[in-house]
Every structure is written in structure tokens, then in C-alpha cells.
Amino acid sequence: MSALGRVVRAGVRRRRTQSIAIGLAALVATASSVLGGSLLVASQEPFDQAFAAQAGAHLTARFDGTRATAAQLADSAHAPGVTASAGPFATVTVDPEPGPGTAVPSGETMAPMTVAGRADAADGVDNVTLLQGSWPSRPGEVVLADGYGSPVREVGRTLRLPGLPGAPTLTVVGFARSVSRTADAWVTPDGIAALTAPGTTPGYELLYRFADAGSTDAMAADRAAVAAAVPAGALTGAQSWLTVKQGTDRNTALFLPFLVSFGLLGMVMSVLVAGNVVAGAVGTATRRIGVLKALGCTPAQVVRAYVGQALIPAAVGILLGVLAGNLLTVPVLSTTAQLYGSVTSGISPWLDAAVAGGALVAVALVAWAAAARAGRLRTVDALAVGRTAGTTRRDALAARAAALAARLPLPRAIGLGLAQPFARPARAAGMLAAVVFGTAAAVFAVGMGGSMAWVQAAKNHDTADVVVVPARPGGPGAGAGAAPGVGAGAGALPAKPVAADPAAVTTALNGQSGTAGYYGTGTGDVKVPGVAGTTTVFVFTGDSAQAGYRMVTGHWFQGPGEAVAPSTFLTEASAKVGDSVTFQDHGRAVTVRIVGEVFDPHMQTNELLTDAGSFPAGTEPRPDTWAVHVKPGTDPAAYATALGGALAPLGLAAEAGQQHGSSDVIAALNSLTATLTLLLVLVAGLGVFNTVVLEIRERVRDMGVAKALGMTPRQTVGMVLASVLLVGAVGGAVGLPAGLALHGLTLPAMGHSAGLNFPAAATDVFGTPTLVLLALGGVLIAVLGALLPAVRAARARTVTALRAE
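Note that the structure is predicted; figures quoted are calculated from it, not measured.

Reading the values: the criteria
- Residues numbered from 1 in each chain as written.
- Predicted model: local features only at pLDDT ≥ 70, side-chain atom pairs only at ≥ 80, totals over all residues.
- Heavy atoms only, no water.
- Helix = DSSP H or I, 4+ residues; strand = E, 2+ residues; numbered from the N terminus.
- Buried < 20%, exposed > 50% of the residue type's maximum accessible area, 1.4 Å probe, protein only.
- Contact = heavy atoms within 4.5 Å.
- Areas by Shrake-Rupley, 256 points an atom, 1.4 Å probe, with all protein chains shown as cover.
- Salt bridge = Lys/Arg side-chain N within 4 Å of Asp/Glu carboxyl O.
- Phe/Tyr/Trp six-rings, centres within 6.5 Å; stacked < 30°, edge-to-face > 60°.
- Core = buried A, V, L, I, M, F, W, Y, C linked by side-chain atoms within 4.5 Å.
- Pairing = 2+ DSSP bridges.
- Patch = residues over 30% accessible without salt bridge, like charges linked within 9 Å, V, L, I, M, F, W, Y side chains within 5 Å.
- pLDDT = per-residue confidence, 0-100.
- Expected span 1.5 Å × (residues − 1).
- Bend = angle between axes of the 7 residues up to and from the residue.

## Digging into the overall build of the chain
For step 1, the next point in the chain: For the chain, the count of helices and strands is 23 helices and 21 strands.
For step 2, the next point in the chain: Counting every position in the chain, which comprises 805 residues, the buried fraction comes to 51%.
For step 3, the next point in the chain: Within the chain, counting contacts between residues at least 6 apart in sequence, those at least 24 apart form 82% of the total.
For step 4, the next point in the chain: Here the chain has roughly 33,400 Å² of accessible surface; of this, 61% comes from carbon and sulfur atoms.

## Considerations on the pattern of salt bridges
For step 1, the next point in the chain: A full pass over the atoms with the stated rule returns 7 salt bridges.
For step 2, the next point in the chain: Note that E205 is salt-bridged to R62, the shortest N-O span being 3.1 Å. In this pair, E205 is assigned in strand β10 (residues 203-210) and R62 in strand β1 (residues 59-63), connecting sequence segments 143 residues apart. Of the two residues, E205 and R62, both sit in the buried class.
For step 3, the next point in the chain: In this structure, R67 engages D64 in a salt bridge whose closest nitrogen and oxygen atoms are separated by 3.6 Å.
For step 4, the next point in the chain: By relative accessible area, which is 48% here, R67 ends up partly exposed.

## Side note on the packing of aromatic side chains
For step 1, the next point in the chain: In this structure the tally under the stated criterion is 11 aromatic pairs.
For step 2, the next point in the chain: Ring geometry for W135 against W186: centres 5.8 Å apart, planes inclined by 40°, an arrangement best described as tilted. Remark: W186 occurs in strand β9 (residues 185-187) and W135 occurs in the loop between β5 (129-133) and β6 (141-145); sequence separation between them is 51 residues.
For step 3, the next point in the chain: Between F540 and F557, the aromatic rings sit 5.9 Å apart at their centres with planes inclined by 50°, giving tilted as the arrangement. A residue pair is termed long-range when its members are at least 10 positions apart, and F540 in strand β14 (residues 535-542) and F557 in the loop between β15 (550-554) and β16 (562-565) qualify at 17 residues. The exposure classification of F540 matches that of F557, with both residues buried.
For step 4, the next point in the chain: Put simply, the rings of Y519, F540, Y549, W556 and F557 touch in pairs and so form one group of aromatic residues.

## Considerations on the nonpolar core
For step 1, the next point in the chain: In this structure, F63, V94, M113, V115, L144, L195 and Y208 are the most contacted members of the largest nonpolar core, which totals 40 residues.
For step 2, the next point in the chain: If sequence neighbours within four positions are ignored, L144 has contacts with M113, S150, V152, L159, V172, G174, F175, A176, D184, A185 and W186.
For step 3, the next point in the chain: Judged by nonpolar contacts, the second largest core, of 19 residues, contains V688, I696, V724 and A793.

## Some points on the pairing of strand β13 (residues 515-526)
For step 1, the next point in the chain: Burial within β13 is extensive, with 9 of its 12 residues counted as buried.
For step 2, the next point in the chain: Summarising the sheet, β13 and strand β20 (residues 625-630) pair through 6 bridges and their orientation is antiparallel. Opposite T521, over in β20, you have T625 as the bridge partner.
For step 3, the next point in the chain: Pairing analysis gives 8 bridges linking β13 to β14, with the strands arranged antiparallel. Paired with G522 across the bridge in β14 is V539.

## Looking at the environment of D624
For step 1, the next point in the chain: With respect to the helices and strands, D624 occurs in the loop between β19 (607-611) and β20.
For step 2, the next point in the chain: Judged by relative accessible area, D624 falls into the buried class, the value being 13%.
For step 3, the next point in the chain: For the pair formed by D624 and G522, sequence separation is 102 residues and the distance between their alpha carbons is 5.5 Å.

## Describing the pairing of strand β8 (residues 169-177)
For step 1, the next point in the chain: Across the 9 residues of β8, 7 count as buried, placing the element largely inside the fold.
For step 2, the next point in the chain: Relative to β8, β5 runs antiparallel, the two sharing 4 bridges. For T129, the partnering residue across the bridge sits in β8 and is R177.
For step 3, the next point in the chain: Of the pairings in the sheet, the one linking β6 to β8 comprises 5 bridges and is parallel in character. Opposite E141, over in β8, you have T171 as the bridge partner.
For step 4, the next point in the chain: In the sheet, strand β7 (residues 158-160) pairs with β8 via 3 bridges, with the strands oriented antiparallel. By the bridge assignment for β8, T158 is matched with T171.

## A few points about unusual backbone geometry
For step 1, the next point in the chain: Backbone torsion omega between G87 and P88 reads 5°, so that peptide bond is classified as cis.
For step 2, the next point in the chain: With a phi angle near 55°, D126 is a residue other than glycine that sits in the positive phi range.
For step 3, the next point in the chain: Residue position: D126 is located in the loop between β4 (113-117) and β5.

## Observations concerning the side chain of D126
For step 1, the next point in the chain: D126 gets classed as buried once you look at its relative accessible area, which sits at 0%.
For step 2, the next point in the chain: Every residue in contact with D126, bar those within four places of it in the chain, is listed here: Q54, A55, G56, A57, R118, A121, S178, V179, S180, T182 and L207.

## Examining a nonpolar patch on the surface
For step 1, the next point in the chain: A cluster of nonpolar residues, F422, L726, V730 and V734, forms a patch on the protein surface that exposes about 280 Å² of accessible area.
For step 2, the next point in the chain: Mapped onto the fold, V734 is located in helix α19 (residues 713-753).

## Here's the deal with the confidence of the model for the chain
For step 1, the next point in the chain: Confidence in the prediction of the chain, expressed as mean pLDDT, is 75, and 72% of residues score 70 or more.
For step 2, the next point in the chain: Looking across the chain, the model is least confident in helix α23 (residues 798-803), with a mean pLDDT of 59, and most confident in β16, with 90.
For step 3, the next point in the chain: Of the regions scoring below 50 in pLDDT, residues 385-391 engages in 11 contacts with residues more than four places distant in sequence or in other chains.
For step 4, the next point in the chain: Per-residue pLDDT stays below 50 along residues 473-497; that stretch engages in 65 contacts with residues further than four places along the chain or on separate chains.

## Quick notes on helix α22 (residues 777-795)
For step 1, the next point in the chain: For α22, which comprises 19 residues, the first-to-last C-alpha distance of 27 Å matches the rise-based estimate of 27 Å (1.5 Å per residue) to within 8%.
For step 2, the next point in the chain: The largest bend along α22 reaches roughly 40° and is located at L787, with the proline P789 sitting one to four residues downstream.
For step 3, the next point in the chain: Looking only at α22, the buried set comprises G777, G778, I781, A782, G785, A786, P789, A790, A793 and A794.

## Focus: the environment of A434
For step 1, the next point in the chain: Its location among the elements puts A434 in helix α13 (residues 425-459).
For step 2, the next point in the chain: Through-space distance from the C-alpha of A434 to that of A782 is 9.3 Å; in sequence the pair is 348 residues apart.

Structure, rendered in C-alpha cells:
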């Protein structure tokens, strides 16, 4: 081994603390960069990537099993433009209930579930990704789509089907994700028979891919070609991949600003901490550099030796960081796939290589810059106990800071600690930057959590003591508590229930002594000039203000002729609050004035909300659900029982205790926020830790002298912690407004990307106590980062410290 190699090896072995510090910094920096980079890569057109990987279906077509046979439908695979197909798969729609062992909140029911009989997950088109468990192998087993709103979340649980003869059960053997959202669940082909009600015939589903499917017009032509290839009237419905893509892209656009913000924070902090640690480690070796030069080493050899001493522990940390980053990336990418409604993109080997190579280059450049500066020193200057040329001004600043601290009414040890940052202002600045970023990340996370809680409350606006819904055979009403715009599940095509006579329902509600108020909701499809496709109108009867929608601007409608709409509709219609909008309802023109912009994240299409009186008498859509509030002291369960008896002849059911849980998407976002914040705060704390370790290592002899003069271990801990208090306080004071600004920019960007406007209430989620605690977060990060080195310094023996360099 060459003399230079022995110097490198000896330096790494001798300065274990600094080597460990460099390795830890590189590990966390690399792990953060891998995670941040993976998030950014996963956010680049996730639907398109998943659609290509799964060979998604351009068209999901449903057929009436009484009008066409499976063989006739199979021939449609030869329709003009078709390049691939899968099916026909037999389909049925059932009304499931959770089996024993699954807790369900009172009043919550499951939506109708469209089940397809499919032998394999991969069939050439829409190759379903199995997320958990196995594919069904015999009748009675089912795989649930993760987009279907089921309270059953574990493999091995069961679903009951009380509406079918014998109330059969299905055992959940897995969970899967279809990027095309072709069904809510899958069973074996021969398992469909047990799910088919007597006297009915299963439908069929075929999945197609086309040579030209890139536009709405092309998809319309493709649909027409399929319809022409099957018996007349057999095609009952079709879902275009462009519709699914639009909804998924909106999710992508919604979360992309959030993920970009966290990803960039992590990468910037990682580079900052790693560079600060490497520069500090090389800087503390100035005197040894002087020794090497005195022994004949050239400046170039000195630089190579200390770059090598930094690269060896950094390389080990980088390799471990890539491994740790990938381990963190797997669950985080699973969460982002849930947010985006796509499939997990997986780990990118090229990203691992790019991050590892970039981190090594960054460490080498920082070490080279620090070592080159020391290598240019005159030997006598470097030997002067590690002093570097040009430190007179810095020493004067440190002396003035120490004199000022001595005048404060504080213990001497605390005063010495408070003056310490001024002795190494550049190093203190690096630690300050880490604390600023850590505090900003914490503030941003708390803000996002508060905003998502506000959004969840907005989603749960329609609280009621009792809900009235259409009854279904063998069970309670379907879709209890469903908010406008919430579908019955991925790919489900439930039939619209026949609405009961509103006057009869009103009579029954008014006849109950405990009724405090109620409102009904119905829907209808209309055409609005200038707006593509159909627009869904939600009409309300009764006291609709009890619906509790959150408003962005304006106010809730107060009578006939007024309406509110989400920002998606206002954008499509080129309208604003105060404008009048005319829509066509089966040839009748209805004009309403927009009096408010409503915030409702359920809405994925063009929608209007208005009073039933806005329609000409007798033409308004009939309400099919009612929300009821009972008087204080009234038992909702007893009230629902009595009301249900009165409504049973009308084909309605009453259910008590409507409950709202947390949205899976918001829960996933909160989980992702917590994970990323913890990692960034860890990076910030590690930056403080490494800087304090370097400070103690550099001043170990001074601490030995202080201990010899009577400084106790407790005073030593206090002095070290005091040395980071000022940095922590300033970092918290700067990081707080930085985090608030980042939150204030990111949340509106998330909304605008998805076509939503967030009101000020969604952003103003910080109370005064919260702001005070967050401002103290910088101090907490600094103290926690310095605590372990402080305790270690206090335990060091005085004689050992006095013998140190």
C-alpha cells in the first residue's frame, strides 16, 4: 500500500466519530434523495405508465345477456379498429353486506357491487394487478378492487349476499387494482351462477383495445363499431378510458405540487447537511494537514488524502442510503399509487444509480474545496494549532460575543455556549440552514394536515340523524348517506331507483313527532350550451341549508331560480358567481342564477345544485333520498324504526346514525405527510448532531481545561446545548414564515391543478398556540440533535481530553 493510502486508511480509522458522522449524513442524504426522486418520477403521468403496463382497456363494454350470446359477443373482437380484446366475462350486480367479524359504523351500508367472472388476472387486456392475496380458484371466493368502498380490508373476511336465495357468502381471497376500473370484484367464471338472482340472466363485459383511441371522436367511432358488430340493443353501456384517465389525472394534478414540495425539500436538505458535515470534518484536520506537509506531502497529495478520507465513509453511507431509500420508497409509492388511483410504479434502478453517483460527486467536490483551501496554507500556519490564515476578524467577533454573553445574568457555562456560534459563523450558518428547513417542513406538514382535516369535514358535510333511502331486497337502503357525485364503485353501473311520491314522503316525515327538519335530494341530467357532455343537476326540497356545504365564494341558494356550482362547472361554462345559466331539460329551457361557488371534492363532473322550484311545476327530478334531523331528546334509532314502518309501503327505508369515516385518499395523504416530515426533521436533527460533534471534537482540549477548572458534567451538557439554542431560536423564527409561505403556495396550487378552488378557511388552519409551538420547533430540533453529543462530552474523562490534539 502506498504512503498516501496508509494516510487515508489511518485517517478514517483514527477519526471514527467524524467518519461515522460523514457516513450518517451520506446515508440520510441518499435515502432522502432516493425517496424524493422516486416521488417525482412516480408523479410523471402515472396513469399513462400504469395503463401501458397493464394493457388497459380503451373501451369497457357491457351487454345484455338476454339479447346476445357469448359466442356472438366474442365475434365483436373482429370489429373494425379492434387490435386486442378480452372476454366476454359474465357480470352481475349484487348488494353485499360485511360478514361476521367486520365492524361497520351504524347506518353505513355497502354500495352495489359489479362482479365479473374472470379466470385469470392477466388476460391480454386490462391485466389486473394483484395487490394482496391470490386470485379466486373456486366458486365462493372473490377478489375486491381496491377502489370499491368496502369496510372489508383483510384477506379471509367474508361478504354476505342476503338478497340471493340462501344468502350465500363470498370469502375475500385478495385485493387488486384495475387501472381501467372494469369491475368492483372478480370471481371465477363458474362462480357467477351462484350470484345470479332467480329469473335473471347475467350480463357480459368485453374489454377492447383499438388502433385509434386518442380522442373523444375516435372513441365514439370505436363504440359505434362495437355496437354494429353485436345484435341490436345488446350494448347497454360503455366506459371510455379517457373518462377514467381524466379522473386519475385530476388526482395526479391535485397531489403533484405537494409531492414536488416535499421531494425538493428532502433533496436540498440532504445536499446541505452532507456538504456541511464533510466540509467541517476536513476543516478540523487543518493541523494534521500541516504535519503532512511538513513531512513532504505536496498540496495535491494532501488534497487527495483528505478527499479519500471523506469518500470512504461517504461511499458506505451512500450504499446503505440507497438500500434504506428503496425500503422507504416501496410503501410510499404504494401510498402515491393509492392517491393517483394507478398501480405502483416500482423502484427505478437508474434513479438509484443517479442518486448514488451524484452523492459521491457532491461529497468529492465539497471535500476537495475544503481540502484545497487547507492545502494552500503555509505549513507554519497549518501547524499553529489548526489556525487558518485570515481568522483575526472572526476571532474578534467571537471575543465580542463572549464578552456580551458574560454580562448576561446567566451561569457562566450557558454564556460560553451562547457565544460559541460566533466562533465558527460559517459552520453555524450551515446548522442554521438545516434547522430552518426542518422547521419549515414541520410547519408545512402541520398545515397540510389541518387543511386535509378541513377538506374531510367538507366531504362529510351531509350529516343527519336519520337518512331515508330506497329499500332493496333483503337489506336496508342502498347507498345510505351518499353525497352528490359519489359513485357506487369503480365500473359499477347501478340502475337509478324509482323515486317515491314526494308528497307521501313529506306526509310521513311531518307525521313523526320528533322531526326537527329535513331535505330531499334528487338528480337529473341536462345539457348546458357550451359545456361538453351532460351536466348533473342536484335538486333539493325542504330546508336544503342543512346540507352543510362549504362555500368558496357567494352563498347557498335561498330559493327557486338560484343555484350554486363547483369551480369545475364554472370553468367549463365560462361563468362566474352572479351570472345566469340556462340549461335544457328534455326540451325545456330552465334558467338559474349562480349565487355561490360550492366546495365539494366529491365532484368529478359538471354539476349544478339548485332548488326543486327552479324547474317548472311537475318537471323537476323527484328526490330519492332524504336527510332528517330530529328534535333534541329524540332517540334516532327509535325514530328511524317508526319512520321506516310508515315509509315501507313507499319502497323506502329509514336508517339511524349516519356516520362518516376518513377518506382513504386523505388518510393516505396524511400518512405520507407524516412519513416525509419525520424523515426531513431527522435530516435537520442530524445536521445539528454532526455540527455539534465536529465542534466538540475540535474543542475537546478546551473542554478538558474547563473540566480541570471545575466544570461539572451537568454544566458541560448545559454549555453544549446552549451553543445551539440561539441557532435553534433563529432557525425557528425563520422557518415558521417559510413553512407558512410554502403551505400557502402549495395548497392553492393543488386545488388549481385539479380544477378546484380552496377558500381561505382551508388555508387558515393555524391557531396562535400552534404557531407558538411550531416557532419553538427549531429550538426542539437543535436541542434534540445536540443532546447525544452533549452527554458524551460530559462523560469524557478530563485527562483524556487534556491529552487530545
